[in-house]
Amino acid sequence: MLQNPSVGILNYDIMARFRRRTCIILLLFILFICSIMMALKTLRPDRAGFGDPFGLGLLPELQQRTVLLDSKQNSLNRAQGDTVTRASNLHSIAVNTMKASMSSVRKLEEELSSPNYNFHIFYYTWYGNPQFDGKYIHWNHPLLPHWDPKIANNYPKGRHNPPEDIGANFYPELGSYSSKDPTVIEAHMKQMRSASTGVIVLSWYPPGMADENGEPTDDLVPIVLDYAHKYNLKVTFHIEPYKDRDDRSMYHNVKYIIDKYGSHPAFYRHKTSTGRLLPMFYVYDSYVTIPEIWANLLTVSGSQSIRNTPYDALFIALLVEERHKHDIHRSGFDGMYTYFATNGFSYGSSHHNWASLKAFCDSNNLMFIPSVGPGYIDTSIRPWNNHNTRNRVNGKYYETAFSAALLVRPEIISITSFNEWHEGTQIEKAVPKRTGQVVYLDYKPHKPNVYLELTQKWSEKYRKEQEQWLMYKKFGRTQYTRFSSQPCVTLLRMLVMPTLVVRNKALYQRQYASRSFELGNICGYTLVAIVFSRKGVGG
């Protein structure tokens, strides 16, 4: 029986309209998905400032891995705590003021934040007062003249007159203290531990040597190590630019430090990527010495080579200018740090340069250690230098520096400083003070310990960030973007993972582009499948 031609035409029109409607719905669906992707690119929860695990519960597979990682970390922390307790039981304390029961030590462990050995903080023991030193040291710092006599004539000269008039723009809660005072050293250790720092970078001159305004301080190293150990802190050394510092004297002094202090339980050793445990030395003003001299000490073929000897270590150079990075690499250093807490003062201290410096270090197997600080003001000793002042902005400057540091994912962050009072970079407790002629700056409206609390806050942020970095490194990008045979699961992963893994903006943009391409493929595959299936039905 012949079919009516009009019926065939009608069926064709119905199928054509159905296909058009299907295509329109699919296009709207694609636009909807694209709009979600654009929203995810620009928006995320306020609490997820650095990769808060928003949406992790939606991915059972990732949730299981995270729980596993957390349980492993907790086990490591418990093991570390047991080790510390056993070491404390065996440790013989040399100073009478350090004699305390183990119950009080355990109580301190419970009260204070756990140390973060990837947070290194610069510490100075050059202060003195009449009670312990027979005179004031460093608190009576002279006013340094400008190098241009015409400018220098416009500013006052002379020295500060402690205890009311000290060489600092802030005033310490402990007053014009002596670094030899055991109660001061213990108070400092407790403050640094409360800030969740882990490694003290101790300013160091060889025995019998000191800066031009100080006295020798090497005899204080043993008591600093003892108190650091009591608070489960580690100590490394910030080698200052002493007179005639060269490859030979550096070899001798590194040997001296390791031989004399290397067996102390508080002596810091860093675990390298190859599993070696090596001491670490920060070398201040390293650029003053030419690369050829450093290469004698720090390269395997050098005439004074320290490499592959019992005194081999990690040597970290100071980077000030951009060209220094090539000199540091040529010299044989193991890494670089930036020290100065003045964003924009030098190439190295400028936050926007840290990403390129980190990339250079990564490509040359070097460590990059950015230095963050709460602010900078040294007009109490350099009255002509107010253009380099960096206002603390009630802690915002400090937090901005931490934020910039975390963006480059460094293995270590250094903090300038715990107590460099002359340059106003201290996070040590400060109090309001007014004398007849001087009004000191303070931390108001916050408490004297506000910068310790901020450091502790960012130490915890760093720990969480580092867990995300390690997870990303372990599972890799392909683990999250691999095309799945279940389109809904793949789409869910692509929608949620940007908030889990990616903080760096440039990296986010690259990953977003990849996910957008994959999303287009998935939608394209779905569209083709539906059209061909409809053709089969209608044919």
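Residues numbered from 1 in each chain as written. Predicted model: local features only at pLDDT ≥ 70, side-chain atom pairs only at ≥ 80, totals over all residues. Heavy atoms only, no water.

A. Main features of the overall build of the protein chain. Helix and strand content of the protein chain: 15 helices and ten strands. Residues classed as buried in the protein chain amount to 51% of the 539 residues present. Taking the contacts inside the protein chain whose residues are at least 6 apart along the sequence as the reference set, 74% of them involve residues at least 24 apart. Carbon and sulfur atoms form 57% of the exposed surface of the protein chain, whose accessible area is close to 26,300 Å². (Helix = DSSP H or I, 4+ residues; strand = E, 2+ residues; numbered from the N terminus. Buried < 20%, exposed > 50% of the residue type's maximum accessible area, 1.4 Å probe, protein only. Contact = heavy atoms within 4.5 Å. Areas by Shrake-Rupley, 256 points an atom, 1.4 Å probe, with all protein chains shown as cover.)

B. Highlighting empty space enclosed by the protein. Under the counting rule described, the total for this entry stands at five cavities of 30 Å³ or more. Empty space within the largest cavity amounts to approximately 60 Å³. Lining the largest cavity we find Thr125, Trp126, Ser203, Trp204, Tyr205, Met209, Ala210, Asp211, Glu215 and Thr217. The class makeup of the residues in the lining of the largest cavity is five nonpolar, three polar and two charged. Taken together, Leu143, Leu144, Pro145, His146, Ala152, Tyr155, Pro156, Lys157 and Trp384 make up the full set of residues lining the second largest cavity. Here the residues of the lining of the second largest cavity are counted per class, giving seven nonpolar, one polar and one charged. (1 Å grid on protein atoms, 1.4 Å probe; cavity = no way out; pocket = protein on both sides within 12 Å on 5 of 7 lines; lining within 4 Å. Points joined across faces, edges and corners; volume = space filled by probe spheres on them. Nonpolar A, V, L, I, M, F, W, Y, C, P; charged D, E, K, R; others polar.)

C. Looking closely at the packing of helix α9 (residues 291-298) against helix α10 (residues 324-331). For the pair α9 and α10, interaxial distance at closest approach is 8 Å and the crossing angle is 35°. On α10, the residues that touch Pro291, Glu292, Trp294, Ala295 and Leu298 of α9 are Asp327, Arg330 and Ser331. Its residues assigned to classes, the contact of α9 with α10 comprises four nonpolar, one polar and three charged. (Axes fitted to C-alpha atoms, helices over the stretch in contact; angles between N-to-C directions.)

D. Up close: the packing of aromatic side chains. Scanning all chains against the criterion turns up 32 aromatic pairs. Each ring, one from Tyr127 and one from Trp139, has its centre 4.3 Å from the other, and the planes form 20°; the classification is stacked. Of this pair, Tyr127 sits in the loop between β1 (116-123) and α4 (130-133) while Trp139 sits in the loop between α4 and α5 (149-152), and the two are twelve residues apart along the sequence. When sorted by exposure, Tyr127 lands in the same class as Trp139, which is buried. For the pair Phe340 and Phe345, a centre-to-centre distance of 5.3 Å together with 65° between the ring planes defines the contact as edge-to-face. Its relative accessible area of 15% is what places Phe340 among the buried residues. Residue Phe345 is classed as partly exposed on the basis of its relative accessible area of 40%. An aromatic cluster of three or more residues is present, and its members are Phe119, Phe170, Tyr398, Phe402, Tyr443, Tyr451, Trp458, Tyr462 and Trp469. A cation sits over an aromatic face here: Arg392 above Phe170, 4.7 Å from the ring centre. The cationic tip of Lys433 hangs over the ring face of Tyr171; the distance from NZ or CZ to the ring centre is 4.9 Å. (Phe/Tyr/Trp six-rings, centres within 6.5 Å; stacked < 30°, edge-to-face > 60°. Lys NZ or Arg CZ within 6 Å of the ring centre and 35° of its normal.)

E. Just the layout of surface pockets, in detail. Computed from the structure, the second largest pocket encloses a volume of approximately 790 Å³. Surrounding the second largest pocket, 32 residues form its lining, Tyr284, Asp285, Arg382, Glu420 and Glu423 being those nearest its centre. The residue inventory of the lining of the second largest pocket, partitioned by class, reads 16 nonpolar, eight polar and eight charged.

F. Representation of the pairing of strand β3 (residues 234-239) within the structure. Buried residues dominate β3, accounting for five of its six residues. The pairing of strand β2 (residues 197-204) with β3 spans six bridges and is classified as parallel. Note that in β3 the partner of Trp204 across the bridge is Ile239. One crossover worth recording links β2 to the parallel β3 by way of helix α7 (residues 221-230), and it is right-handed. (Pairing = 2+ DSSP bridges. Right-handed = clockwise from strand over helix to strand, strands pointing away.)

G. Spatial organisation of a nonpolar patch on the surface. A cluster of nonpolar side chains, namely Ile24, Leu28 and Leu31, defines an oily patch on the protein surface of about 320 Å² accessible area. Examined against the element boundaries, Leu28 turns out to sit in helix α1 (residues 5-42). (Patch = residues over 30% accessible without salt bridge, like charges linked within 9 Å, V, L, I, M, F, W, Y side chains within 5 Å. Salt bridge = Lys/Arg side-chain N within 4 Å of Asp/Glu carboxyl O.)

H. Spotlight on the pattern of salt bridges. One pass over the structure, following the stated rule, counts 19 salt bridges. One salt bridge in this structure joins Lys325 and Glu322, with 3.6 Å as the shortest N-O distance. The buried category is assigned to Lys325, whose relative accessible area is 10%. Arg330 serves as the salt-bridge partner of Asp327, at 3.2 Å between the closest nitrogen and oxygen. Of this pair, Asp327 and Arg330 both sit in helix α10, three residues apart, which is roughly one turn of the helix. Several salt bridges converge on common partners, so that one network encompasses Glu292, Glu321, Arg323, Asp327 and Arg330.

I. The arrangement of the packing of helix α8 (residues 247-261) against α9 in detail. For the pair α8 and α9, the least separation of the axes is 9 Å and the interaxial angle reads 40°. Here α8 and α9 pass one another in a crossing that is right-handed. Between α8 and α9, the contacting residues are Asp247, Met250 and Tyr251 on the first element and Ile293, Trp294, Asn296 and Leu297 on the second. When grouped by side-chain class, the residues that make up the contact of α8 with α9 number five nonpolar, one polar and one charged. (Left-handed = near helix turned anticlockwise from the far one by under 90°.)

J. The arrangement of the side chain of Ser350 in detail. Along the chain, Ser350 turns up in the loop between β7 (335-337) and α11 (354-363). The buried category is assigned to Ser350, whose relative accessible area is 5%. Once residues within four sequence positions are removed from consideration, Ser350 is found in contact with Asn343, Gly344 and Phe345.

K. Broad picture of the environment of Ile258. Looking at the secondary structure, you find Ile258 in helix α8. Ile258 has contacts with Ser263, Phe267, Arg269, Pro279, Phe281 and Tyr311, leaving out every residue within four places of it along the chain.

L. Local environment of the side chain of Asn419. Relative to the assigned elements, Asn419 resides in the loop between β10 (413-415) and α13 (450-481). Taking the relative accessible area as the measure of exposure, Asn419 reaches 0% and is therefore buried.

M. Region of interest: unusual backbone geometry. A cis geometry characterises the amide bond from Thr416 onward to Ser417, with omega recorded as 5°. Tracing the sequence through the fold places Ser417 in the loop between β10 and α13. Going from Lys444 to Pro445, the amide bond is cis rather than trans, its omega being 10°. With a phi close to 60°, Asn308 is a non-glycine residue in the positive phi region. Along the chain, the position of Asn308 falls in the loop between α9 and β6 (314-318).

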